[in-house]
Structures are given as C-alpha cells and as structure tokens.
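Chains, contacts and geometry: an overview
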Amino acid sequence: MDKLFKKILVATDGSSCSRKAVHYAVSLAKLAGAELMAVYVVDVKTGCGLEQCITLTTPKKEALMRLYERGESAVKYVEDAATKEGVSVDKRVVEGHPAGEIIRLAQEESADLIVMGTLGLTGIKKYLLGSTADKVMRHSQVPVLTVRK
C-alpha cells in the first residue's frame, strides 16, 4: 500500500500561527514517514513582510535583504523542529506572490499536502484583502490543512 503522504509542504511566515502549523506538519511527516518542504515567500506584490514593509525611506535592496533574512530564519525554525523529530526537510525561500508560489511549488514538487497557518481574517477585512491561506485553499489542487492560532 502506498503512503498517503510522501511529501508535505509547510508554508511559513515566521509568525506564531505559522509556527503552530509547523508543529502539525512535523508531526504528520513523522507519522507518515514523509519528507517536509519548508517554504517562505518574500511577497513582491506588496513588498511587505509580516511586521515590516518597504517604505519610501528604506532602499528596496536593503528591505528585500531583511525579508530574505526573515525567510531564512523562518525556514530554519522548521528545520530545527523537524531535525528534533528525525524528519528530513528541504528549505526554500522564494520571491513572488505567496499563494501562487505555494501552489506552484506544491504542484512542481509533487507535494501530497500543504500545511499552513491562518490568522482567521473575518468580515470586510477578509473581503477586501483576502488571505494567503484562503487563496491557497480555493485554488490548490493539493489538499490543504490550515491551522488556527
């Protein structure tokens, strides 16, 4: 019988919510004997990270370097959590539109599951802004497990 999960993609932004999702992903990967792929997407559409944005007073190159550093830190967190559980992990920091890049990587890398956190935006804010988790759930052909804070 084939394994249900051979490769699990966990999308992280370094937030406490995504760290909770990381622990779900690591546990699932360990139980399934699956490989884990940790992905952080530097958002080029908005130029913003979770807590900092590129401003007119900050040179773009310097701001992007900080976002890449944040990404490296976020995927390192996944690597550390996975290593403690004996799970192999492939780390990726990529640039693009988060939902699109997560979906693209899941398909290209033949992921069997996407795991990601959600901040649970509601009401008009969700309607106007959408959320990465919501976009991934609506457009991915790969099953998606979202983890609430």
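Everything below is about the structure shown above.
The present account deals with the structure reproduced in this document. (Residues numbered from 1 in each chain as written. Predicted model: local features only at pLDDT ≥ 70, side-chain atom pairs only at ≥ 80, totals over all residues. Heavy atoms only, no water.)

As a further point, take the sheet that holds strand S2 (residues 35-43). Spatially, the five strands line up as an open sheet ordered S3-S2-S1-S4-S5, and their pairing is parallel. What marks the edges here is a single partner per strand, and that holds for strand S3 (89-96) and strand S5 (144-148). When strand polarity is set aside, the average angle formed by the axes of neighbouring strands in this sheet is 25°. Alignment of strand S1 (residues 7-11) against strand S4 (residues 113-118), held across four bridges, turns out to be parallel. Across the sheet, residue Ala 11 finds its bridge partner in S4, namely Met 116. (Pairing = 2+ DSSP bridges. Helix = DSSP H or I, 4+ residues; strand = E, 2+ residues; numbered from the N terminus. Axes fitted to C-alpha atoms, helices over the stretch in contact; angles between N-to-C directions.)

Among the nonpolar cores identified, the biggest contains 25 residues, and Ile 8, Val 10, Val 26, Leu 36, Tyr 40 and Val 115 are the most heavily contacted of them. Of all the secondary structure elements, the ones that give two or more residues to this core are S1, helix H1 (16-32), S2, helix H2 (60-84) and S4. In terms of residue count, the dominant contributor to this core is H2 (seven residues). The contact partners of Val 26, leaving out residues within four places of it in the chain, are Leu 36, Ala 81, Ala 82, Glu 85 and Val 87. Met 37, Val 39, Leu 105 and Ala 106 belong to the second-largest nonpolar core, a separate cluster that totals 17 residues. (Core = buried A, V, L, I, M, F, W, Y, C linked by side-chain atoms within 4.5 Å. Buried < 20%, exposed > 50% of the residue type's maximum accessible area, 1.4 Å probe, protein only. Contact = heavy atoms within 4.5 Å.)

Spatial relationships are all this shows, so hold off on functional conclusions.
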